[in-house]
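Listed below are the residues making up each chain.
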Amino acid sequence: MTFLKRFDCEFVTRFLIVDNKDVFRKPRSMTRIIHITDLHFWQLVKNPLLLFNKRILGNLNLLARRRRHVRQERAASFVELFNTLGAHALLIGGDLTTTATNAEYEMAVEFVNALARSGAPVYMTAGNHDMYTFESRRRRRFEKHFGDRLDDADKPRLSYLPGGAPLLILPTAAPNMLTSRGHITTAQMLEARRLIEEAPEGRLVVLAHYPVLPNPTAFHYGVTRPLFSSRRVRRILGDANRPILYLAGHVHVFSRTVDPRFPNLEQITTSALFYQKRHFPGGFT
């Protein structure tokens, strides 16, 4: 069952509520998982020493348009709303920052900690903006700030949601000089396959930043934005011979896609949480 409601005339909220009797073996049980992504907390960088890298492009983008679209002042009102939802788990799909500065990370940590005080366990992965520069990845800034929730952003990880449903956290982000393409190595794919085989039978939830399925009616990648080797990832998931719900972000729109080749694979992309842009409303799933 999917439904929409408005909050404060600002958020378009989307809940995906699934009857998980096949997973939890409780005929009347329901689980509520909230998926948020692409928070893009931002702060303009004034120190020129921090701009001798890709961050100068991100700073110019912030000045020109992104700061008008990402309404990060809504963070407090979302925390208020989240506390009323009775979520069993919170999944965060990456891009918590914009140019991966310490100041942006500190804003993101404060926000995530406020959500975690609801008592819902938090599971997360990194996005390309969280590894915006090679320097930020080299210094492992994501792990420095979120290491208590994800100790290695480059390593696939198998966790378990409340009730026992397996959750595969799949790393798909890596720094690059000019584009925003995602990347997953052969070693990461092999480890992901091993973890899928290790997971108990039944529905599997995958949390990643980049989509693996195209959706021409909802979003277009262009040549600089897709996940490199997405076809191989799609095949690994499709060949798993089990129901898979793949949750992604990156494209800033809500979409739902069932793989025509592997019908066991269903993908949901979620809107950027704080977005306010024509045809791209902010929201969560």
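Along each chain, numbering runs from 1 in the same order as the chain's sequence is written. Local features are withheld for residues below a pLDDT of 70 in this predicted model, meaning they are given only at 70 or higher, and side-chain atom pairs are given and counted only at 80 or more; totals for whole chains, interfaces and linings count all residues. Side-chain measures were taken over the full set of non-hydrogen atoms in the model, leaving aside hydrogen atoms and water.

A. Broad picture of a nonpolar patch on the surface. On the surface, a nonpolar cluster with roughly 700 Å² of combined accessible area is contributed by I56, L57, L60, L63, F134, M177 and L178. Only DSSP runs of H or I reaching four residues or more are called helices, and only runs of E reaching two or more are called strands; each is numbered from the N terminus. The dominant element in the nonpolar patch, judged by the number of residues it contributes, is helix α2 (residues 55–69), at 4 residues. Along the polypeptide, F134 turns up in helix α5 (residues 134–138). Each patch groups residues whose relative accessible area exceeds 30% and which form no salt bridge, using 9 Å between like charges and 5 Å between nonpolar side chains of Val, Leu, Ile, Met, Phe, Trp and Tyr. Computed with a 1.4 Å probe, the accessible areas rest on the Shrake-Rupley method; for each residue, only the protein chains presented here act as cover. Basic side-chain nitrogens of Lys or Arg form a salt bridge, by our definition, when they fall within 4 Å of a carboxyl oxygen of Asp or Glu.

B. Representation of empty space enclosed by the protein. A cavity here means a set of points on a 1 Å grid, drawn over the protein atoms and nothing else, where a 1.4 Å probe fits but cannot get out; a pocket is an open set with protein on both sides within 12 Å along at least five of seven lines, and a residue lines either one if it has an atom within 4 Å of a point. Grid points are joined across faces, edges and corners, and a volume is the space filled by probe spheres set on the points. Inspection of the entire model under this criterion finds 2 cavities of 30 Å³ or more. Size it by volume and the largest cavity reaches roughly 50 Å³. Where the lining of the largest cavity is concerned, the elements lending two or more residues are α7 (186–198) and α8 (230–238). Here the element with the most residues in the lining of the largest cavity is α7; it accounts for 4 residues. Under the scheme applied, nonpolar residues are Ala, Val, Leu, Ile, Met, Phe, Trp, Tyr, Cys and Pro; charged residues are Asp, Glu, Lys and Arg; polar residues are all the others, including Gly. For the lining of the largest cavity, the residue count by class is 9 nonpolar, 1 polar and no charged. In this structure, the second largest cavity occupies an estimated 30 Å³ of space. The wall of the second largest cavity is formed by K54, N128, M131, Y132, A174, P175, N176, T179 and S180. Tallied by class, residues from the lining of the second largest cavity come to 4 nonpolar, 4 polar and 1 charged.

C. Fine view of a positive patch on the surface. On the surface, a cluster of positive charge is made up of R193, R232, R235 and R261. Within the element layout of this structure, R261 appears in the loop between β10 (255–258) and β11 (265–269). Per-residue accessibility, obtained with a 1.4 Å probe over protein chains only, is compared with the maximum for each type, and a residue is labelled buried under 20%, exposed over 50%, and partly exposed between these values. Judged by relative accessible area, which is 54%, R261 ranks as exposed. Only four residue types enter the charge count: Lys and Arg as positive, Asp and Glu as negative, with His and the chain ends excluded. One atom stands in for each charge, and that atom is NZ of Lys, CZ of Arg, CG of Asp or CD of Glu.

D. Fine view of α7. With 13 residues, α7 should cover 18 Å at 1.5 Å per step; its first-to-last C-alpha distance of 18 Å lies within 8% of that length. Those residues of α7 not exposed but buried are Q188, M189, A192, L195 and I196. The buried side chains of α7 occupy one side of the element, clustering within an arc of 125° when seen end-on. Across from the buried face of α7, at angles greater than 90 degrees, the exposed residues are A187 and E197. Contacts are assigned to residue pairs with any non-hydrogen atoms lying within 4.5 Å of each other. Against the buried residues of α7 lie β6 (157–160), β7 (166–169), β8 (204–207) and α8. Take the number of residues in a helix, subtract one, and multiply by 1.5 Å to get its expected span. The directions considered for the arc are those from the helix axis to the C-beta atoms.

E. How the structure looks around the layout of surface pockets. Volume-wise, the largest pocket comes out at about 550 Å³. Forming the boundary of the largest pocket are 28 residues, of which R65, R66, H129, S180 and R225 lie nearest the centre. For the lining of the largest pocket, the element with the highest residue contribution is α2, accounting for 5 residues. Of the residues that constitute the lining of the largest pocket, the class distribution is 9 nonpolar, 12 polar and 7 charged.

F. View of the sheet that holds strand β9 (residues 244–248). Should DSSP find at least two bridges between two strands, the strands are taken to pair. Strands sit in the order β6-β7-β8-β9-β11-β10 across an open sheet of 6 strands; the sheet is mixed. The open sheet has two free edges, formed respectively by β6 and β10, since each of these has just one partner strand. This sheet shows a mean twist of 20° between the axes of neighbouring strands, independent of strand direction. The pairing of β7 with β8 spans 3 bridges and is classified as parallel. What counts as an axis is a line fitted to C-alpha atoms, over the stretch in contact for a helix, and the angles between N-to-C directions run from 0 to 180 degrees.

G. Summary view of the packing of aromatic side chains. Two rings from Phe, Tyr or Trp (for Trp, the six-membered ring) form a pair when their centres are within 6.5 Å of each other. A pair whose planes differ by under 30 degrees is stacked, one over 60 is edge-to-face, and the rest are tilted. Enumeration over the complete set of coordinates arrives at 10 aromatic pairs. Here F78 and F111 contribute two aromatic rings whose centre-to-centre distance is 6.1 Å and whose plane-to-plane angle is 35°, an arrangement assigned as tilted. Taken together, the positions of F78 in helix α3 (residues 75–82) and F111 in helix α4 (residues 102–116) put the pair 33 residues apart, joining distant regions of the chain. Of the residues examined, F78 reaches a relative accessible area of 0% and is grouped as buried. Judged by its relative accessible area of 4%, F111 is buried. Linked through ring pairs, F41, F78, F82, F111, F274 and F284 together constitute an aromatic cluster. Placement of a charge over a ring requires the Lys NZ or Arg CZ to be within 6 Å of the ring centre, with the centre-to-atom vector within 35 degrees of the ring normal. Across from the ring centre of Y132, 4.9 Å away, lies the NZ or CZ of K54, which sits over that ring.

Function-wise, these values are silent; they only describe arrangement.
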